[in-house]
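Residue-level structure breakdown
Residue-level listing of the chains:
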There are 4 protein chains.
Amino acid sequence: MRKSIYQMISPKLHGESRSSYYEGGIVVIILLSLLPLTVKEPNLFYRELERLTSLVFIIDYLLRWLTADYLLKKGKWSFCFYPLTPLAIIDLISFLPIVSFLHNSLRVLKIFRLTRSLRVLRMIRHSKNISILLRVLKNQKDSLLLVSVLALAYIVVSALMMFTIEPDRFNHFLDALYWSTITLTTIGYGDIYAQTDFGKILTMVSAFIGIGVVALPAGIITAGYLEEIREHN
Amino acid sequence: MRKSIYQMISPKLHGESRSSYYEGGIVVIILLSLLPLTVKEPNLFYRELERLTSLVFIIDYLLRWLTADYLLKKGKWSFCFYPLTPLAIIDLISFLPIVSFLHNSLRVLKIFRLTRSLRVLRMIRHSKNISILLRVLKNQKDSLLLVSVLALAYIVVSALMMFTIEPDRFNHFLDALYWSTITLTTIGYGDIYAQTDFGKILTMVSAFIGIGVVALPAGIITAGYLEEIREHN
Amino acid sequence: MRKSIYQMISPKLHGESRSSYYEGGIVVIILLSLLPLTVKEPNLFYRELERLTSLVFIIDYLLRWLTADYLLKKGKWSFCFYPLTPLAIIDLISFLPIVSFLHNSLRVLKIFRLTRSLRVLRMIRHSKNISILLRVLKNQKDSLLLVSVLALAYIVVSALMMFTIEPDRFNHFLDALYWSTITLTTIGYGDIYAQTDFGKILTMVSAFIGIGVVALPAGIITAGYLEEIREHN
Amino acid sequence: MRKSIYQMISPKLHGESRSSYYEGGIVVIILLSLLPLTVKEPNLFYRELERLTSLVFIIDYLLRWLTADYLLKKGKWSFCFYPLTPLAIIDLISFLPIVSFLHNSLRVLKIFRLTRSLRVLRMIRHSKNISILLRVLKNQKDSLLLVSVLALAYIVVSALMMFTIEPDRFNHFLDALYWSTITLTTIGYGDIYAQTDFGKILTMVSAFIGIGVVALPAGIITAGYLEEIREHN
């Protein structure tokens, strides 16, 4: 009977109907479970939905744990190792909020509710097309990492410079980092901006070079994608 | 005589002069018909223009319906099927506002007037060059769809997280979605933004990853366009 | 003697020193002539600079006109045709402001001063590297034109829709076009933005599709540039 | 013994452990030395950190100077030339702030502190992967320079035009340049924007063409990157 459960819950490439029905159901429940997050004061319906979907996640988690030996193929040890695999940790985090809800510790609950958004990550398990995109990202991993580090360093240096020139504009350094990020990603809310001439010049130089920084990842991804298409043909 | 009408209204690749004159006239009338939308209180001239252009669209619609058997080649059934074809539905919507105008139901009218903007879609029927671009979009359809779904999911997750962290900033979840979209498309009006430190950190992380999300469709379209050019040569 | 003047003022590919000295001088004077535009109340120095640089442009224009027959090779007729060539018109506009200044018609002057910014266009005549870039733009002319028309149409349709949904937000249709342009180019000053739920939804949809519209010209230029490099090798 | 010091401080491609330990240590100290810049009022801990890290930089500078003949291979003259090499100048600037700190001239200090951010530039000496990216930038140097000059010229012309149309909006020309840069990089803080109809039209035209200007560097970098990958395979 455990083998039959395993066949139902484990995703197949050219799935048997039972497995893909189960997966489809889980995706629907993930989406339903996100609904209570979209209201400030959950009413009875949303609270019941909360409880019901969390119950399904607990059962799903237990079913996967019970059939861990089929997945990991390490005999009895599989049951020890399973809760430590990344996907199992994501699964566990996804129903923890309801557990902390029972303890009535309201403030902690609020922070833990955030982790519930990670439920969406479970969907990655259920998609196929995404693998093509992931391969491009994987091949260009080193370049993208380098460009990301460069962009981050540029953001930090800009923040340091502005924080030194216009210290009155910011409460603490986090605000300077925030200004720098919002400026160099070209969002520009307009809640914090330079007001001295020197600060404005720095903003202009930062913004102008920032175009290049934004152009780099776009270029790398495009080049990687083209190479992927060409190798495929 | 119906055949002669059909030859006039149906677009040809290397068109006879009569057909292309008719098409040119329709394009001018489409543009004229959009003019009344650009004023708040339409005066007599605009109201007359409204009535006149709508009349032309009704006649154009009826002419196309009357000659539907030449287009669909299904005998008498063509006259039944024609109103159900996508282009016929767009045509119908384009003159509906004037119909609802006769009923004097003002509020409904306002919403229906929007659909009139779809008149511009009729121009697609009149362009040739656009087909090259459409072929690139068609070939990369799956990738662009995947990237769009990814971007939408990212927008929803960002909105969920910010809505949980700073509920006081938003009236309801739509506002959070609005903030998320305006931030990740790097528009950044500055009407809604995070004000707590935790919210600012979330904004920074969201924005930084958002660059990559914006870079993906650009890369895919470029790669697709290059492949299209190469196959052409 | 006229031939000698022509050799001095006409740009050469592998220029004689006299010609390139003249060109270099003109570039410096163009830059100097822009200086008076950077102050609100031009003092004596700026007014004299204004007069002096304009004088140089007038002399340069007359010299080019006098040697037009060497350039156009149409005998006496060259002197008639020269003022009608595009470059001659730009030259003429560049010193017109000083002419209108003598008439003391202040308001007209202000608008004409704008055209003086076109002096920078004269520099194109003096650059070589720019021709590579221009060839890419020329080869992709049709595609870029189509994409521009598409983007403009998208801006107008967005403006029409928002103007119908939230007429109270805008003084007249130009404001709606302004909002639409500022939003879809992702600038987002935040001076005009939707405040009703329906308007916010429209903004979100517009912005989301707008990413794709921005990605198109980038993709086309990249593809064109790559083709240009490949043909060169 | 000087030779042994040189082997320690000079970076190797397949480094001996002593050299890479030293480099790693310097990177950590660079990061530590940036910490005091992130607080407004440095307490005792930060002031001591400031003094300590600056001391390390002075020693590092002296060690490099003492072994300059191994690096430059010009005998005694090496000791004269070393302080004039670009990397030595960056090193010198990095510990100058502490020197000016001893003079207690507070205002000068503030401006000099900025230069300390240049310490991060020292990291370039310690990275390998960055060379791939630098080669792409180097090959496309001419094109990127041309595009940068074009973008800068476009920013200046936009600023000149707006400054002429709406002089009341700006204190001086720097503000117009600031507005132009913030608009064309699509940041759009919203602190300065056109308010007359004519100014809005200019903003719209500037912004629309600005998309193309932003698309150019992205396209050039992508094309260069692709060529680099292809030559590598």
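Residues numbered from 1 in each chain as written. Chains lettered and ligands numbered in written order. Predicted model: local features only at pLDDT ≥ 70, side-chain atom pairs only at ≥ 80, totals over all residues. Heavy atoms only, no water.

1. Side note on the overall build of chain A
Our working rule: Counting from the N terminus, the helices are the DSSP runs of H or I reaching at least four residues and the strands are the DSSP runs of E reaching at least two. Any pair of residues with heavy atoms lying within 4.5 Å of one another is described as a contacting pair.
Counting secondary structure elements, chain A contains 11 helices and 0 strands. Taken from the N to the C terminus, the helices and strands of chain A come in the order α-α-α-α-α-α-α-α-α-α-α. The long-range share in chain A, meaning contacts at least 24 apart out of those at least 6 apart in sequence, stands at 58%.

2. Side note on the interface of chain B and chain A
Reports of interface size often rely on the accessible area that becomes lost once the parts have come together. For clarity, the cut-off: Note on terms: buried area is the combined drop in 1.4 Å-probe accessible area of two parts once they are placed together, counting the loss on both. A pair is scored as a salt bridge if a Lys or Arg side-chain nitrogen falls within 4 Å of a carboxyl oxygen belonging to Asp or Glu. Residues adjacent in sequence count toward polar contacts only when both atoms are side-chain atoms; beyond that, a polar contact is any pair of N or O atoms within 3.5 Å, and within protein one must be able to donate a hydrogen and the other to accept it. When residues are sorted by character, Ala, Val, Leu, Ile, Met, Phe, Trp, Tyr, Cys and Pro go into the nonpolar class, Asp, Glu, Lys and Arg into the charged class, and all the rest, Gly among them, into the polar class.
With 46 residues of chain B in contact, the opposing surface of chain A contributes 40 residues. With both sides pooled, the region where chain B packs onto chain A buries about 3,700 Å², and carbon together with sulfur makes up 74% of that total. Counting across the interface, chain B meets chain A through 1 salt bridge. Here chain B and chain A share 4 residue pairs in polar contact (both at pLDDT 80 or more) between them. Elements represented by at least two residues in the side of chain B that touches chain A include exactly helix H9 (141–165), helix H10 (173–184) and helix H11 (197–232) of chain B. For the side of chain B that touches chain A, the per-class residue count stands at 28 nonpolar, 12 polar and 6 charged.

3. Overview of the pattern of salt bridges
Short version of the rule: Relative accessibility under 20% of the residue-type maximum defines a buried residue, over 50% an exposed one, and the middle range a partly exposed one, all with a 1.4 Å probe and only protein chains included.
Applying the stated criterion across every chain yields a total of 20 salt bridges over all chains. D:Asp175 serves as the salt-bridge partner of A:Lys200, at 3.1 Å between the closest nitrogen and oxygen. Separated into two different chains, A:Lys200 in helix H11 (residues 197–232) and D:Asp175 in helix H10 (residues 173–184) make up a pair that spans both. Both residues of the pair, A:Lys200 and D:Asp175, count as buried. For the salt bridge of B:Arg2 with B:Asp69, the shortest nitrogen-to-oxygen distance reads 2.5 Å. Here B:Arg2 is found in helix H1 (residues 2–9), whereas its partner B:Asp69 is found in helix H4 (residues 68–72), with 67 residues between them in sequence.

4. Let's talk about the packing of helix H9 (residues 141–165) of chain A against helix H10 (residues 173–184) of chain A
All names here are of chain A. In plain terms, the rule: Only the stretch in contact is used when fitting a helix axis, every axis being a line fitted to C-alpha atoms; angles between N-to-C directions are given from 0 to 180 degrees. An angle below 35 degrees is read as roughly parallel, one above 145 as roughly antiparallel, one from 65 to 115 as roughly perpendicular, and any other as oblique. The crossing is said to be left-handed when, going from far helix to near helix, the turn is anticlockwise and less than a right angle, and right-handed when the turn is clockwise.
Where H9 meets H10, the closest approach of the two axes is 8 Å, and the angle between their N-to-C directions is 125°. As judged from the angle between their axes, H9 and H10 are oblique. The handedness of the crossing between H9 and H10 is right-handed. Of the residues in H10, those in contact with Tyr154, Ile155, Val156, Ser158, Ala159, Leu160, Met162 and Phe163 of H9 are Phe173, Ala176, Leu177, Trp179, Ser180, Thr181 and Leu184. Grouping the constituent residues of the contact of H9 with H10 by class yields 12 nonpolar, 3 polar and no charged.

5. Notes on the environment of A:Lys73
Residue and element names in this part refer to chain A. Considering the arrangement of structural elements, one finds Lys73 in the loop between helix H4 (68–72) and helix H5 (77–81). Exposure remark for Lys73: the relative accessible area of 71% places this residue in the exposed category. In contact with Lys73, not counting residues within four places along its chain, are Ala68 and Ser78.

6. Some details on the confidence of the model for chain A
All names here are of chain A. To be explicit about the condition: The pLDDT value expresses, per residue, how confident the predictor is, ranging between 0 and 100.
When pLDDT is averaged along chain A, the result is 76; 76% of the residues meet or exceed 70. Per-element averaging of pLDDT across chain A places helix H7 (residues 106–115) at the bottom with 46 and H10 at the top with 93. In the predicted structure, residues 103–113 sits below a pLDDT of 50 and forms 12 contacts with residues beyond four places in sequence or in another chain.

7. Regarding the UniProt feature "transmembrane region" (unreviewed entry) in chain A
Residue and element names in this part refer to chain A. Put simply, the test is: UniProt positions are given in the numbering used here, feature names are shortened, and annotations may be inferred rather than shown by experiment.
Listed under "transmembrane region" (unreviewed entry) in the UniProt record, and renumbered for this structure, are residues 21–39, 79–102, 144–165 and 201–226. Its end C-alpha atoms 30 Å apart, residues 21–39 is made of 74% helix and 0% strand. Regarding residues 144–165, the helix share stands at 100% and the strand share at 0%, and the terminal C-alpha atoms are separated by 31 Å.

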